[in-house]
Amino acid sequence: MRIGVLTSGGDCPGLNAVIRGAVLKGTKIHNQSFVGIRDGWRGVVEGLTMPLDRHTVRGLSKQGGTILGTSRTNPFEGPHGGPENVQATLDRIGVDALIAIGGEGTLAAAKRLTDAGLKIVGVPKTIDNDLDATDYSFGFDTAVEIATEAIDRVRTTAESHKRCMVVEVMGRHVGWIALHAGMAAGAHAILIPEQPQSMEQICEWVQNVADRGRAPIVVVAEGFTLNTMETAHSEKGLDAFNRPRLGGIADMLAPEIEARTGVESRATVLGHLQRGGVPSAYDRVLSTRLGMAAIDSIMREEWGTMVALRGTEVVNVPFADAVGRLKTVPQDRYDEAAILFG
Ligand code: F6P
């Protein structure tokens, strides 16, 4: 068999380790050959390939990003999209089966394609850790490490100036990175999309810390929203709080906290730093195991499934059970963290 491998959606530390795991097990144990599909589904639609063999993947497990490139192309859109066209392109470039490494959107597209008869196995990818069917996704541990180190660093400058620091981390729909990095770094408030809060509550936490002569640290996930319509107390205003948006929440919170509490406040947005650079050792191991499991699934012809971590075991779950449901932070996990707020 000639197996195509693609990475799709936002990049994530560990993608290259998945590719390496699949290629090394596929060539050494199963005697299969590989081809790299470039730039996610765009490569499948347009037939963009690159060589992929034991030599190409040498030393890759510690390399960030993806050697295959990625995109957010939808394989159902455009004149060459749709299952028949995609199958025709795969036939033309000599791909018998596909490993698709990606998040919710990628896996949903893979499900629709396998429903139409294409031979695809998935590997879940998201630094946000929001895919329900897997206990942890690779990239999350790395992102939490990076965010934790950043918050630790921000704390020393905050303490020196007795300022409140608002640190924004990734997390479009869920607050896993904020929860874990915030707990690890001892944040005084953690704000996540699953738990809208009022400005009054946030300022109470900040004030309590400032009253003890400490520098308040607020960690906020980019998808957080307030639970009330608010009136602006800061010059910047709160308009953007009350309408859908993504990112920049720390820049709005910091002046508002300062205006209401009188505690000098600054915002730090970590952004794509959390997705760049080398994966943690945990993510390298997880990625390698998932890549190896994906090639095993291909050999067993388990089309329409993805590999997943359950406890310490790598298992196989149908796409149907994997897409369409987000893994949000449960109430008890937030309540546990909130004991330490303020
Ligand atoms: O889904 C992963 C993620 O990193 C989100 O946390 C973030 O909102 C988004 O991707 C950013 O996407 P982009 O790199 O396309 O700006």
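Note on numbering: residues in each chain are counted from 1, in written sequence order. With pLDDT at 70 or above as the cut-off, local features in this predicted model cover only qualifying residues; side-chain atom pairs require 80 or more to be listed or tallied, and sums for whole chains, interfaces and linings still use all residues.

**Section: the sheet that holds strand β9 (residues 265–269)**
Two strands are said to pair when DSSP picks up at least two bridges between them. Strands are runs of DSSP state E lasting at least 2 residues, helices are runs of H or I lasting at least 4, and numbering of each runs from the N terminus. Taken in spatial order, the four strands of this open sheet run β7-β8-β6-β9, and their pairing is parallel. Only two strands of the sheet have a single neighbouring strand rather than two, namely β7 (189–191) and β9. Adjacent strand axes in the sheet meet at a mean angle of 20°, parallel and antiparallel pairs treated alike. As paired strands, β7 and strand β8 (residues 217–221) are joined by three bridges and run parallel to one another. Bridging across to β8, Leu191 finds its partner in Val220. Each residue gets a C-beta atom placed from its backbone, and two residues are in contact if those atoms lie within 7 Å. Fitting a line to C-alpha atoms yields each axis, with helices limited to the stretch in contact; the angle taken between N-to-C directions then spans 0 to 180 degrees. Where helix α5 (residues 140–161) meets the sheet, it contacts β6 (164–169), β8 and β9, and its direction lies at approximately 165° from that of β6. Against the sheet, helix α8 (residues 249–261) engages β6, β8 and β9, with an angle of about 170° to β9.

**As for the site of the ligand**
Any residue whose C-beta atom, as set from the backbone, lies within 6 Å of a molecule or strand is reported as near that molecule or strand. If you check the shell around the ligand, you find 10 residues, and the closest are Gly10, Ile127, Asp128, Met170 and Arg172. Amino acid classes used here: Ala, Val, Leu, Ile, Met, Phe, Trp, Tyr, Cys and Pro are nonpolar; Asp, Glu, Lys and Arg are charged; the rest, including Gly, are polar. Considering only residue class, the shell around the ligand consists of three nonpolar, three polar and four charged.

**Let's talk about the sheet that holds strand β5 (residues 120–124)**
Ordered in space as β3-β2-β1-β4-β5-β10-β11, the seven strands form an open sheet in which the pairing is mixed. The open sheet terminates on both sides in strands that have one partner only, identified here as β3 (49–52) and β11 (313–318). Ignoring strand direction, the axes of neighbouring strands in this sheet form an average angle of 30°. Of the strands in this sheet, β1 (2–7), β2 (33–37), β3, β4 (97–102) and β5 are in contact with helix α1 (residues 15–28), which crosses β1 at around 170°.

**So, the environment of Thr27**
Locating Thr27 in the fold gives a position in helix α1. Distance from Thr27 to Gly81, taken between C-alpha atoms, is 30 Å for residues 54 residues apart in sequence. Discounting chain neighbours no more than four positions away, the residues touching Thr27 are Gln32, Asp53 and Arg54.

**Focus on the packing of α1 against helix α9 (residues 281–299)**
Interaxial distance between α1 and α9 falls to 7 Å at its minimum, and their mutual angle equals 45°. Accordingly, the angle class assigned to the pair α1 and α9 is oblique. Crossing angle aside, the handedness with which α1 passes α9 is right-handed. Two secondary-structure elements touch here, α1 through Ala17, Val18, Ile19, Arg20, Gly21, Ala22, Lys25 and Gly26 and α9 through Arg284, Ser287, Thr288, Arg289, Leu290, Gly291, Met292, Ala294 and Ile295. In terms of residue class, the contact of α1 with α9 is built from eight nonpolar, five polar and four charged. Oblique is the label for any angle not under 35 degrees, not over 145, and not in the 65 to 115 range, which are roughly parallel, roughly antiparallel and roughly perpendicular in turn. Working rule for handedness: look at the near helix, and if it is turned counterclockwise from the far one by less than a right angle, call the crossing left-handed; if clockwise, right-handed.

**Points about the UniProt feature "binding site: Mg(2+)" (unreviewed entry) in the protein chain**
UniProt positions are given in the numbering used here, feature names are shortened, and annotations may be inferred rather than shown by experiment. When the UniProt feature table is mapped to this numbering, "binding site: Mg(2+)" (unreviewed entry) covers Glu104. Checked against the element boundaries, Glu104 lands in helix α4 (residues 104–115). Residues in contact with Glu104, not counting those within four places in the same chain, are Leu131 and Val323.

**A word on unusual backbone geometry**
Although it is not a glycine, Asp39 adopts a positive phi angle of roughly 60°. On the secondary structure map, Asp39 appears in the loop between β2 and α2 (41–46). Put plainly, a residue is buried at 20 or more neighbouring C-beta atoms within 10 Å of its own, exposed at 12 or fewer, and partly exposed in between, counting only other residues' C-beta atoms, which are placed from the backbone. Here Asp39 falls in the buried class, since 20 other C-beta atoms lie within 10 Å of it. Within the chain, Asn129 stands out as a residue other than glycine whose phi angle is a positive 60°. Within the element layout of this structure, Asn129 appears in the loop between β5 and α5.

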